[in-house]
Amino acid sequence: MAPLTNGKVPKSTKMHSKVVIIGSGPAGHTAAVYLARANINPVLFEGFMANGFAAGGQLTTTTDVENYPGFPSGILGPELMDKFREQSIRFGTQIITETVSKIDLSARPFRYWREGEEYDEAETADAIIIATGEVTYWQSGISACAVCDGAVPIFRNQPLAVIGGGDSAAEEATYLTKYGSHVYVLVRRSELRASKIMAKRLMNHPKITILWNTVATECQGDGDLLNNLRIKNVVTGEERDLPVRGLFYAIGHEPATSLVRSQLQTDLDGYIITVPGTTQTSVKGVFAAGDVQDKRYRQAITSAGSGCMAALEAERLIAEEEEGAEEA
């Protein structure tokens, strides 16, 4: 792990907080609820169209959420995030609809700046929870997460397409066969990059057709939903229509870590590395929760769980440091 933070800077006269949460998805709001109930008075920056999403993150672009516990009839993604937000506010979280654009983790308290105020006095925090999620793209009938969106009504019993040739594509295409009438996998090359076992599973599935040397050139719809792809064979140059009602990109995900990537230890894909079994990052006092550190599951429920962990760990750190200061 990278060295822990050393040194000390003065607390901001503008605003100083015990804990600042950056991000407004399930991880951020769960952390806020736990910290607020512990009288930590957390500040949550929900961002203003941060990473291309409205406050609330990716769930604000999802229609029916049917796999979040407590909602047997399902719930709309934006409605679920509204409830998260209401609960955070109920317990006293200060929510700020601005984006944190700059941060300095070299000394504590940590300094950060809001978008448009990078040259003003910094605000400070004793601990920071990074819950900025991932950068993905979702439009009507176009998704980056089969597990998140594959079961929504617009995709049921409809022909679907998946772009990609690796394990992610194989996993998502196989998952989508539970809901779609047929799944087409568009592979740019003449072979799969997926592991042998995943490739075999993909090629032998009766509801999956692999279109080799194929790329999508245009998405077409009726003004509301996708209903056709224009596809092209990169070897022959032939173009044709592929009628589908859903398109899933399985070419990986990008964590929204540009704000801290140069200051925290990350893996080759940019995901924040945490101490196993915790949300502690390579800098003491900085915690990472949700998709920003989870490249495997990326679900609302697992994000919420890691948000809880981050809150409890931040609360414990602050309590220990306050006790130490009193004894000194």
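Above this note sits the structure.
Position numbers for residues count from 1 along each chain, tracking the sequence in the order it is written. Whole-chain, interface and lining totals are the exception, using all residues; otherwise, since this is a predicted model, local features are given only for residues with pLDDT of at least 70 and side-chain atom pairs are given and counted only at 80 or more. Excluded from the side-chain calculation are hydrogens and water; included are all heavy atoms of the structure.

Chemist: Break down the overall build of the protein for me, with residues and values.
Modeler: Going along the chain from the N terminus, every DSSP run of H or I of four or more residues is numbered as a helix, and every run of E of two or more is numbered as a strand. When helices and strands are counted, the protein shows 6 helices and 19 strands. Exposure categories follow from relative accessible area, calculated using a 1.4 Å probe and restricted to protein chains: below 20% of the type maximum is buried, above 50% is exposed, and the middle band is partly exposed. Counting all 328 residues of the protein, 50% fall into the buried class. Note on areas: these come from Shrake-Rupley sampling with a 1.4 Å probe, and a residue is covered only by the protein chains present in the view. Carbon together with sulfur atoms contributes 50% to the accessible area of the protein, which is approximately 15,900 Å² in total.

Chemist: Requested: an account of a negative patch on the surface, with residues and values cited.
Modeler: On the surface, a cluster of negative charge is contributed by Glu320, Glu323, Glu326 and Glu327. Along the chain, Glu326 turns up in helix 6 (residues 300–327). Take Glu326: its relative accessible area is 68%, and that puts it in the exposed class. For patch detection, residues must exceed 30% relative accessible area and be free of salt bridges, and they are connected within 9 Å for like charges or within 5 Å for nonpolar side chains (Val, Leu, Ile, Met, Phe, Trp, Tyr). Should a side-chain nitrogen of Lys or Arg be within 4 Å of a carboxyl oxygen of Asp or Glu, the pair is scored as a salt bridge. We treat Lys and Arg as the positive residues and Asp and Glu as the negative residues; His and chain ends play no part in the count. For this purpose, a charge sits on NZ of Lys, CZ of Arg, CG of Asp or CD of Glu.

Chemist: Describe the packing of aromatic side chains, with residues and values.
Modeler: The geometry of an aromatic ring pair is captured by two quantities: the separation of the ring centres and the angle between the planes. Any pair of Phe, Tyr and Trp rings, taking the six-membered ring for Trp, is counted once the centres come within 6.5 Å. Such a pair is stacked with planes under 30 degrees apart, edge-to-face with planes over 60 apart, and tilted for the rest. Counted by the stated rule, this structure contains 5 aromatic pairs. One aromatic cluster is present, built from ring pairs that chain together Tyr68, Phe71 and Phe84. In this analysis the charged atom, NZ for Lys or CZ for Arg, is taken to sit over a ring once it is within 6 Å of the ring centre and within 35 degrees of the ring normal. Here the basic side chain of Arg37 rests over the ring of Phe91, its NZ or CZ set 5.6 Å away from the ring centre. A cation sits over an aromatic face here: Lys102 above Trp113, 4.5 Å from the ring centre.

Chemist: Let's hear about helix 2 (residues 77–90): which residues, and what values?
Modeler: Every helix has an expected span of 1.5 Å times one less than the residues it contains. Across its 14 residues, helix 2 extends 20 Å between first and last C-alpha, which sits within 8% of the 20 Å expected from 1.5 Å per residue. For helix 2, the full list of buried residues reads Gly77, Leu80, Met81, Phe84 and Ser88. The arc that holds every buried residue of helix 2, seen down its axis, measures 95 degrees, which confines them to one face. The exposed set on the far side of helix 2, more than 90 degrees from its buried face, consists of Glu86 and Arg90. Residues of helix 2 that are buried in the fold lie against helix 1 (26–37), strand 3 (64–65), strand 4 (75–76) and strand 5 (94–96). Note: the arc covers the axis-to-C-beta directions of the helix. Every residue pair with non-hydrogen atoms within 4.5 Å of one another is taken to be in contact.

Chemist: A description of the pattern of salt bridges should follow, citing residues and the corresponding values.
Modeler: In the structure shown here, the tally under the stated rule is 12 salt bridges. The partner of Lys18 in a salt bridge is Glu322, and the shortest N-O contact between them spans 3.2 Å. Remark: Glu322 occurs in helix 6 and Lys18 occurs in strand 1 (residues 16–22); sequence separation between them is 304 residues. Its relative accessible area of 31% is what places Lys18 among the partly exposed residues. Overall, Glu322 belongs to the partly exposed group, its relative accessible area being 36%. With a shortest N-O distance of 2.8 Å, Glu123 and Arg114 are connected by a salt bridge. Owing to a relative accessible area of 2%, Glu123 belongs among the buried residues under this scheme.

Chemist: I'd like a description of the sheet that holds strand 16 (residues 239–242), backed by residues and values.
Modeler: Pairing between two strands requires that DSSP report at least two bridges joining them. The 3 strands lie next to each other as 14-15-16, forming an open sheet whose pairing is antiparallel. With partners counted over all chains shown, the strands left at the sheet margins are strand 14 (214–221) and strand 16, one partner each. When strand polarity is set aside, the average angle formed by the axes of neighbouring strands in this sheet is 25 degrees. Bridge analysis of strand 14 against strand 15 (residues 226–233) gives 7 bridges, and the strand direction is antiparallel. Across the sheet, Glu218 pairs through a bridge with Arg230, a residue of strand 15. Here the axes come from fitting lines to C-alpha atoms, over the contacting stretch only for helices, and the angles between their N-to-C directions go from 0 to 180 degrees.

Chemist: Can you break down unusual backbone geometry residue by residue, with the values?
Modeler: For the bond running from Arg108 to Pro109, omega is -5 degrees, close enough to zero to count as cis. Relative to the helices and strands, Pro109 resides in the loop between strand 6 (100–104) and strand 7 (110–114). A positive phi is found at Asn39, a non-glycine position, where the angle reads about 60 degrees. Mapping Asn39 onto the fold places it in the loop between helix 1 and strand 2 (43–45).

Distances and angles like these do not, on their own, reveal function.
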